[in-house]
Amino acid sequence: NAGVTQTPKFQVLKTGQSMTLQCAQDMNHNSMYWYRQDPGMGLRLIYYSASEGTTDKGEVPNGYNVSRLNKREFSLRLESAAPSQTSVYFCASRAGLAGADTQYFGPGTRLTVL
Amino acid sequence: ELKVEQNPLFLSMQEGKNYTIYCNYSTTSDRLYWYRQDPGKSLESLFVLLSNGAVKQEGRLMASLDTKARLSTLHITAAVHDLSATYFCAGPDYGGSQGNLIFGKGTKLSVKP
């Protein structure tokens, strides 16, 4: 099992450029999440997908869009990147629709917007 | 909305010493999660605490949950350098979708020889 995979690992963009961060999980999990991590801020939820076919906003959704392509894949798109979106992005997945199981995290994407 | 506060945010310890990281949360919650993050790496699940009085231990780390006090602790016994990492606690966001987590800001632990 690869668990949760993310591509790319690193990316540098110029202000205004667009890009899509890819995430896939091979654990047959229902729920998937996108977080950003900034120094001293912990993790903040951008968007989540509780199950295939649904997506919802988290704490900091502005400037992002998501697609739950199928049960395995959940992508995050930046339509017009801004320097404030420089961050480390983590994708995570969880088995249940409800319940107490933990989240499993991907390796992260380090994004710099110049 | 649940708020999660950890303290201390930075902790420098000597090897062999004991210490406790505290995680306070603002609203009633029946579960609490602990994660570890090594520098430049992803988050790894350490403990899932599911009820009042729950205690879990792995190696030199022991986590407990007191739902009445809205407090979880992560106790480190006889610290070693390998425990140097950032530790996060997280609680469920009942205001959003079940399964969403609210994270604390993390406690950066540095264990010095």
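Further up the page is the structure itself.
Residues numbered from 1 in each chain as written. Chains lettered and ligands numbered in written order. Predicted model: local features only at pLDDT ≥ 70, side-chain atom pairs only at ≥ 80, totals over all residues. Heavy atoms only, no water.

Asks: Is there a simple way to explain the overall build of chain A in this structure?
Replies: A count of helical and extended segments in chain A gives 0 helices and 11 strands. For chain A, the sequential pattern of α-helices and β-strands runs β-β-β-β-β-β-β-β-β-β-β. Over its C-alpha trace chain A gives a radius of gyration of 13 Å, about what one expects of a compact globule, namely 13 Å for 114 residues. Structurally, chain A occupies a C-alpha span of about 40 × 25 × 25 Å along its principal axes. Sequence-distant contacts, at least 24 apart, represent 55% of the contacts inside chain A between residues at least 6 apart. Accessible surface, chain A: about 5100 Å² in total, of which carbon and sulfur atoms supply 50%. Looking at chain A, you have 11 positive and 8 negative side-chain charges, and the mean spots of the two groups are 6 Å apart. (Helix = DSSP H or I, 4+ residues; strand = E, 2+ residues; numbered from the N terminus. Rg over C-alpha atoms; globule rule 2.2 N^0.38 Å. Contact = heavy atoms within 4.5 Å. Areas by Shrake-Rupley, 256 points an atom, 1.4 Å probe, with all protein chains shown as cover. Lys, Arg positive; Asp, Glu negative; His and termini not counted. Charge placed at Lys NZ, Arg CZ, Asp CG, Glu CD.)

Asks: How should I be thinking about the overall build of chain B in this particular structure?
Replies: Scanning chain B from N- to C-terminus turns up 0 helices and 11 strands. For chain B, the C-alpha radius of gyration of 14 Å lies close to 13 Å, the compact-globule estimate for 113 residues. Along the first, second and third principal axes, the C-alpha atoms of chain B reach 45 × 30 × 20 Å. For chain B, with 113 residues in total, the buried portion stands at 49%. Pairs at least 24 residues apart make up 54% of the contacts formed inside chain B by residues separated by at least 6 positions. With the model as given, the accessible surface of chain B reaches about 5600 Å², and the carbon-plus-sulfur share is 49%. Each charge class in chain B can be summarised by its mean position, and for the 12 positive and 10 negative side chains these summaries are 4 Å apart. (Buried < 20%, exposed > 50% of the residue type's maximum accessible area, 1.4 Å probe, protein only.)

Asks: Help me understand the environment of Leu46 of chain B, please; the structure alone is not making it clear to me.
Replies: Residues and elements named next belong to chain B. With respect to the helices and strands, the residue Leu46 is situated in strand 5 (residues 43-49). A relative accessible area of 18% means that Leu46 is categorised as buried. Counting along the chain gives 12 residues from Leu46 to Trp34, while the straight-line C-alpha distance between them is 5.4 Å. Ignoring any residue separated from it by four or fewer positions in sequence, one finds Leu46 in contact with Trp34, Tyr35, Arg36, Leu61 and Tyr87.

Asks: Whenever I open this one, the nonpolar core confuses me. Can you help?
Replies: Across soluble globular proteins, nonpolar side chains show a tendency to be buried alongside one another. Core analysis: the largest hydrophobic core is formed by 26 residues, its most contacted members being Trp34, Leu61, Leu74, Ile76, Tyr87 and Leu109 of chain B. For this core, the secondary structure elements donating two or more residues are strand 2 (10-14), strand 3 (19-25), strand 4 (32-37), strand 5, strand 7 (61-66), strand 8 (71-76), strand 9 (85-92) and strand 11 (107-112) of chain B. (Core = buried A, V, L, I, M, F, W, Y, C linked by side-chain atoms within 4.5 Å.)

Asks: Can you walk me through the pattern of salt bridges in this structure?
Replies: Where charged atoms from two side chains of opposite charge approach closely, those side chains can pair. This model, assessed by the stated rule, comprises 5 salt bridges over all chains. With a shortest N-O distance of 3.2 Å, Glu79 of chain A and Arg77 of chain A are connected by a salt bridge. Look at Arg77 of chain A and you get partly exposed, because its relative accessible area is 29%. Across the salt bridge formed by Arg36 of chain B and Asp38 of chain B, the nearest N and O atoms sit 2.8 Å from each other. (Salt bridge = Lys/Arg side-chain N within 4 Å of Asp/Glu carboxyl O.)

Asks: Teacher, can you tell me more about the packing of aromatic side chains here?
Replies: Think of a pair of aromatic rings as described by two things: how far the centres are apart, and how the planes are tilted against each other in angle. With the rule as written, the count across this model stands at 9 aromatic pairs over all chains. Between Tyr35 of chain A and Phe103 of chain B, the ring centres sit 5.5 Å apart and the planes meet at 85°, which makes this aromatic pair edge-to-face. Remark: Phe103 of chain B occurs in strand 10 (residues 101-103) and Tyr35 of chain A occurs in strand 4 (residues 31-37); the pair is interchain, linking two chains. With respect to class, Tyr35 of chain A is no different from Phe103 of chain B; both count as buried. By the ring-pair criterion, three or more aromatic residues cluster together here, those being Tyr33, Tyr35, Phe90 and Phe105 of chain A together with Tyr35, Phe88 and Phe103 of chain B. (Phe/Tyr/Trp six-rings, centres within 6.5 Å; stacked < 30°, edge-to-face > 60°.)

Asks: What should I look at first to understand the sheet that holds strand 6 (residues 55-58) of chain B in this one?
Replies: Through backbone hydrogen bonds, the strands of a sheet pair up, either in parallel or in antiparallel fashion. All names here are of chain B. One open sheet accounts for 5 strands, arranged 1-3-8-7-6; its pairing is antiparallel. Looking at the sheet topology across the chains shown, the edges are occupied by strand 1 (4-7) and strand 6. In this sheet, adjacent strand axes meet at a mean angle of 15° when their direction is disregarded. In terms of strand pairing, strand 1 meets strand 3 through 4 bridges, oriented antiparallel. What sits directly across from Val4, in strand 3, is Tyr25. (Pairing = 2+ DSSP bridges. Axes fitted to C-alpha atoms, helices over the stretch in contact; angles between N-to-C directions.)

Any functional reading would require information beyond the geometric quantities listed.
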